[in-house]
Amino acid sequence: MHRQFTEASSVRCCGTAGHHCKCAEIALLNSKQIQMLTKIVVDIKMQNDEIIEWLLQRDQNPVPQETPEMIQPTQENEEIITLIASKKELIDFEQNLGLEDQFEDVKRKLQAKMKATATMERLHEALYLMFNRLFLVECSWSGRGVTGPKIAFRRYVNVLRLFADVGNVDGQKVDFESLENFFQKKLRNAKNSAVVSGTIKSVSRSSFSRKCKGRPKKKMN
């Protein structure tokens, strides 16, 4: 009896005159959502089918892998530049640079090995590509040294001309004043540079005790 009353009340609620029934709207909304979900599922399935087909084609026709290009060292990079290590070798080098073909050949070898792009850095590279660090200790710009005369670097004009050429950036050669400042600094610090590079071994001085006048020595028991 109670169950029948509940069902009848429910029917009267949905079908009561003067009240708008929302059942049809809910059903329509659900239908639209179902259609949208169905379309999404169909689209996903089509995309999956396309991906599977592409994978199968790729396996059947693999794309050839490009072999990375090996950069072979040039002959200029492999050429050895003999380091100048004596005054005689410097004199011979100066004379050889007086011949234009020799000058251009040495310049080509240097430029092939140099990597710096700034003028002072290029001069630094060229200096240690051509000269033994220990030999540079025997040189100075003017020929004067603290303990005696040294090899005057400024007299070797062809060598300086070579430095001016290899040190140029964007076609601008290095002027004489810049070369003078560069070599004065480098040759002044040549010994320190040789020590840092390991060419000259640094010697540590042993500690010593100073004797004080008027203080008697202690007798050893």
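Residues numbered from 1 in each chain as written. Predicted model: local features only at pLDDT ≥ 70, side-chain atom pairs only at ≥ 80, totals over all residues. Heavy atoms only, no water.

### Section: the side chain of Asn 158
Next up, step 1: Considering the arrangement of structural elements, one finds Asn 158 in helix 8 (residues 157-166).
Next up, step 2: Residue class for Asn 158 comes out buried when judged on its relative accessible area of 17%.
Next up, step 3: Excluding residues within four positions of it along the chain, Asn 158 makes contact with Glu 94, Leu 97, Gly 98 and Phe 103. (Helix = DSSP H or I, 4+ residues; strand = E, 2+ residues; numbered from the N terminus. Buried < 20%, exposed > 50% of the residue type's maximum accessible area, 1.4 Å probe, protein only. Contact = heavy atoms within 4.5 Å.)

### Observations regarding helix 8
Next up, step 1: Among the ten residues of helix 8, eight are classified as buried, and the element is accordingly described as predominantly covered.
Next up, step 2: Three or more residues of helix 8 are buried, namely Asn 158, Val 159, Leu 160, Leu 162, Phe 163, Ala 164, Asp 165 and Val 166.
Next up, step 3: Among the structural elements, helix 4 (87-97), helix 5 (100-113), helix 6 (119-130) and helix 9 (176-188) are those in contact with the buried residues of helix 8.

### A closer look at the nonpolar core
Next up, step 1: With 34 residues, the main nonpolar core has Met 130, Phe 131, Phe 153, Val 159, Leu 162, Phe 163 and Phe 183 as its most contacted residues.
Next up, step 2: Among the secondary structure elements, those contributing two or more residues to this core are helix 4, helix 5, helix 6, helix 7 (133-136), helix 8 and helix 9.
Next up, step 3: Per-element accounting of this core gives the leading share, six residues, to helix 8.
Next up, step 4: Ignoring any residue separated from it by four or fewer positions in sequence, one finds Phe 131 in contact with Leu 83, Ile 84, Leu 90, Leu 136, Phe 153, Val 159 and Phe 163. (Core = buried A, V, L, I, M, F, W, Y, C linked by side-chain atoms within 4.5 Å.)

### Considerations on a nonpolar patch on the surface
Next up, step 1: On the surface, a cluster of nonpolar side chains totalling about 410 Å² of accessible area is made up of Met 36, Leu 37, Ile 40 and Ile 44.
Next up, step 2: Following the sequence through the fold, Leu 37 ends up in helix 2 (residues 23-60). (Patch = residues over 30% accessible without salt bridge, like charges linked within 9 Å, V, L, I, M, F, W, Y side chains within 5 Å. Areas by Shrake-Rupley, 256 points an atom, 1.4 Å probe, with all protein chains shown as cover. Salt bridge = Lys/Arg side-chain N within 4 Å of Asp/Glu carboxyl O.)

### Points about the packing of aromatic side chains
Next up, step 1: In the structure shown here, the tally under the stated rule is seven aromatic pairs.
Next up, step 2: Here Trp 141 and Phe 176 contribute two aromatic rings whose centre-to-centre distance is 5.8 Å and whose plane-to-plane angle is 55°, an arrangement assigned as tilted. Separated by 35 residues along the polypeptide, Trp 141 in the loop between strand 1 (139-140) and strand 2 (151-152) and Phe 176 in helix 9 bring together distant segments of the chain.
Next up, step 3: The exposure class of Trp 141 is buried, given its relative accessible area of 5%.
Next up, step 4: Considering the side-chain rings of Trp 141 and Phe 183, the 6.1 Å spacing of their centres and the 15° angle between planes classify their relative orientation as stacked. Highlighted residues: Trp 141 in the loop between strand 1 and strand 2 and Phe 183 in helix 9, separated in sequence by 42 residues.
Next up, step 5: Owing to a relative accessible area of 0%, Phe 183 belongs among the buried residues under this scheme.
Next up, step 6: In textbook terms, an aromatic cluster arises when at least three aromatic residues are bridged by ring pairs, as seen for Phe 131, Trp 141, Phe 153, Phe 163, Phe 176, Phe 182 and Phe 183. (Phe/Tyr/Trp six-rings, centres within 6.5 Å; stacked < 30°, edge-to-face > 60°.)

### Observations concerning the packing of helix 4 against helix 5
Next up, step 1: It is the contact of helix 4 with helix 5, at a shortest axis distance of 6 Å, that shows an interaxial angle of 110°. It follows from the interaxial angle that helix 4 and helix 5 lie roughly perpendicular. Between helix 4, through Phe 93, Asn 96 and Leu 97, and helix 5, the contact on the second element is made entirely by Gln 102, Phe 103 and Val 106.
Next up, step 2: Looking at the contact of helix 4 with helix 5 residue by residue, the classes come out as four nonpolar, two polar and no charged. (Axes fitted to C-alpha atoms, helices over the stretch in contact; angles between N-to-C directions. Parallel < 35°, antiparallel > 145°, perpendicular 65-115°, else oblique. Nonpolar A, V, L, I, M, F, W, Y, C, P; charged D, E, K, R; others polar.)

### Details of the confidence of the model for the protein
Next up, step 1: Summary statistics for the protein give a mean pLDDT of 77 and a share of 69% for residues scoring 70 or more.
Next up, step 2: Low confidence marks residues 1-13, where pLDDT is under 50. Its contacts with residues over four positions away, or in another chain, come to one contact.
Next up, step 3: Within the model, pLDDT remains below 50 along residues 67-74, and this stretch shows one contact once partners closer than five positions in the same chain are excluded. (pLDDT = per-residue confidence, 0-100.)

### Quick notes on the environment of Ala 126
Next up, step 1: By the element assignment, Ala 126 lies in helix 6.
Next up, step 2: With twelve residues separating them along the chain, Ala 126 and Met 114 place their C-alpha atoms 7.3 Å apart.
Next up, step 3: The residues touching Ala 126, leaving out its near neighbours within four places in the chain, are Met 114, Phe 163 and Val 166.

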